[in-house]
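Notes for the structure review
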Amino acid sequence: MTTARPNRPRLQRWMLRLMIAILLTGLPGALLPEIAFQKFAWLMGYGKQPITPLVTYLSGNAGFAYVALAIVFWAISQDPTRYQPLVRVCGWIMVIAGPVYLSIDLQCPLPLWWTLMDSLSCLIIGLTLLWACPPVRATDRD
């Protein structure tokens, strides 16, 4: 006798909303990339950094991408049961993002507290999203 793993849409909804809150931190970078970059550099302990067109471009684009993803996650979080395949995709993206961000942060190198927060939060949220998904039935794959 096997017990089917239940769907946990409420947990999925909260994990997606937690990601939304994290992703919305990109809004200042999308709107005011130069100022946001300087504040981020200060937060990391690097002091005042030179602003180049490439820095402004990358800061603005990264901020916009974060905000765009937040909007997608918000739409999915409205009905995680209906969008279960996308919840799984979000979960896998976050699981993969954990080691990717770890690699990026170690190459910079960013402060340890940031590196751990960045990589572990993605990994934990992704694993939680996937754990809260019901198993895929053979009929769901057709």
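The text that follows walks through the structure, step by step, so that each part is easy to find.

So, how was this worked out
Here the residue numbering is sequential within each chain, running from 1 through the sequence in written order. The predicted nature of this model means local features are confined to residues of pLDDT at least 70 and side-chain atom pairs, given and counted, to a pLDDT of 80 or more, with totals for whole chains, interfaces and linings taken over all residues. Excluded from the side-chain calculations are hydrogens and water; all other atoms, namely the structure's heavy atoms, are used. Helix and strand definitions follow DSSP, with helices as H or I runs of at least four residues and strands as E runs of at least two, each counted in order from the N terminus. Note on exposure labels: buried denotes an accessible area under 20% of the residue type's maximum, exposed denotes more than 50%, and partly exposed covers the range between, all computed with a 1.4 Å probe on protein chains only. Whether two residues are in contact is decided by their heavy atoms, any of which lying within 4.5 Å being enough. The Shrake-Rupley method, run with a 1.4 Å probe sphere, supplies the accessible areas, and residue values consider only the shown protein chains as cover. Asp and Glu count as negative and Lys and Arg as positive, but His and the ends of the chain are not part of the count. Charge placement uses NZ in Lys and CZ in Arg. For Asp and Glu, CG and CD serve respectively. Grouping into patches uses exposed residues only, defined as over 30% relative accessible area, and leaves out salt-bridged ones; the cut-off is 9 Å for like charges and 5 Å for nonpolar side chains (Val, Leu, Ile, Met, Phe, Trp, Tyr). Just to be clear on terms, a salt bridge is a Lys or Arg side-chain nitrogen sitting within 4 Å of an Asp or Glu carboxyl oxygen. Here an angle of 0 to 180 degrees is reported between the N-to-C directions of two axes, which are lines fitted to C-alpha atoms, with helices fitted over the stretch in contact. What sets the label is the angle itself: under 35 degrees gives roughly parallel, over 145 gives roughly antiparallel, 65 to 115 gives roughly perpendicular, and the rest give oblique. Crossings are classed by handedness, with left-handed meaning an anticlockwise turn of the near helix from the far one by less than a right angle and right-handed meaning a clockwise turn. Residue polarity follows a fixed list, in which Ala, Val, Leu, Ile, Met, Phe, Trp, Tyr, Cys and Pro are nonpolar, Asp, Glu, Lys and Arg are charged, and the others, Gly among them, are polar. Among the buried residues, those of types Ala, Val, Leu, Ile, Met, Phe, Trp, Tyr and Cys that are joined through side-chain atoms within 4.5 Å form a nonpolar core. What counts as a ring pair is set by centres within 6.5 Å for rings of Phe, Tyr and Trp (its six-membered ring), and what kind of pair is set by the plane angle: stacked under 30 degrees, edge-to-face over 60, tilted for all other angles. Either the NZ atom of lysine or the CZ atom of arginine qualifies as a charge over a ring when it sits within 6 Å of the ring centre and within 35 degrees of the ring normal.

Overview of the overall build of the protein chain
Each helix and strand in the protein chain was counted, giving 6 helices and 0 strands. Reading the helices (α) and strands (β) of the protein chain from amino to carboxyl end gives α-α-α-α-α-α. For the C-alpha atoms alone, the extent of the protein chain along its principal axes is close to 65 × 30 × 25 Å. Across the 142 residues of the protein chain, 34% fall into the buried class. Intrachain contacts of the protein chain at a sequence separation of at least 6 include 75% that bridge at least 24 residues. Element-wise, carbon and sulfur atoms account for 72% of the exposed surface of the protein chain, whose accessible area totals about 9300 Å². In the protein chain, 11 side chains carry a positive charge and 6 a negative one; their mean positions are 9 Å apart.

Examining a nonpolar patch on the surface
Taken together, the side chains of Phe-40, Trp-42, Leu-43, Trp-113 and Met-117 present a nonpolar region at the surface, about 570 Å² in accessible area. A total of 3 residues in the nonpolar patch trace back to one element, the largest contributor, which is helix α3 (residues 33–44). Relative to the helices and strands, Phe-40 resides in helix α3.

Quick look at the packing of helix α5 (residues 84–107) against helix α6 (residues 112–131)
The N-to-C vectors of α5 and α6 enclose an angle of 160 degrees; their axes lie 7 Å apart at closest approach. In terms of orientation, α5 and α6 fall into the roughly antiparallel class. By crossing handedness, the relation of α5 to α6 is classed as left-handed. Tallied by class, the residues present in the contact of α5 with α6 amount to 15 nonpolar, 5 polar and 3 charged.

Topic: the nonpolar core
Counting 16 residues, the largest nonpolar core has Leu-16, Met-19, Phe-73, Val-87, Cys-90 and Leu-129 as the members making the most contacts within it. Elements with a minimum of two residues in this core: α1 (9–23), α4 (53–77), α5 and α6. Sorting elements by how many residues they give to this core places α1 first, with 5 residues. Apart from residues no more than four positions distant in its own chain, Met-19 is found in contact with Phe-73, Met-94 and Ile-125.

Points about the packing of aromatic side chains
Scanning all chains against the criterion turns up 2 aromatic pairs. On the basis of an interplanar angle of 80 degrees and a centroid distance of 5.4 Å, the ring pair of Phe-40 and Trp-114 is categorised as edge-to-face. You can see Phe-40 sitting in helix α3 and its partner Trp-114 sitting in helix α6, a full 74 residues away along the chain. Classification of Trp-114 as buried rests on a relative accessible area of 17%. Between Trp-113 and Trp-114 the ring centres are 5.7 Å apart and the planes differ by 85 degrees, which places this aromatic pair in the edge-to-face class. Its relative accessible area of 44% is what places Trp-113 among the partly exposed residues. One cation-aromatic arrangement involves Arg-8 over Trp-131; the distance from NZ or CZ to the ring centre is 3.9 Å. Across from the ring centre of Trp-14, 5.6 Å away, lies the NZ or CZ of Arg-17, which sits over that ring.

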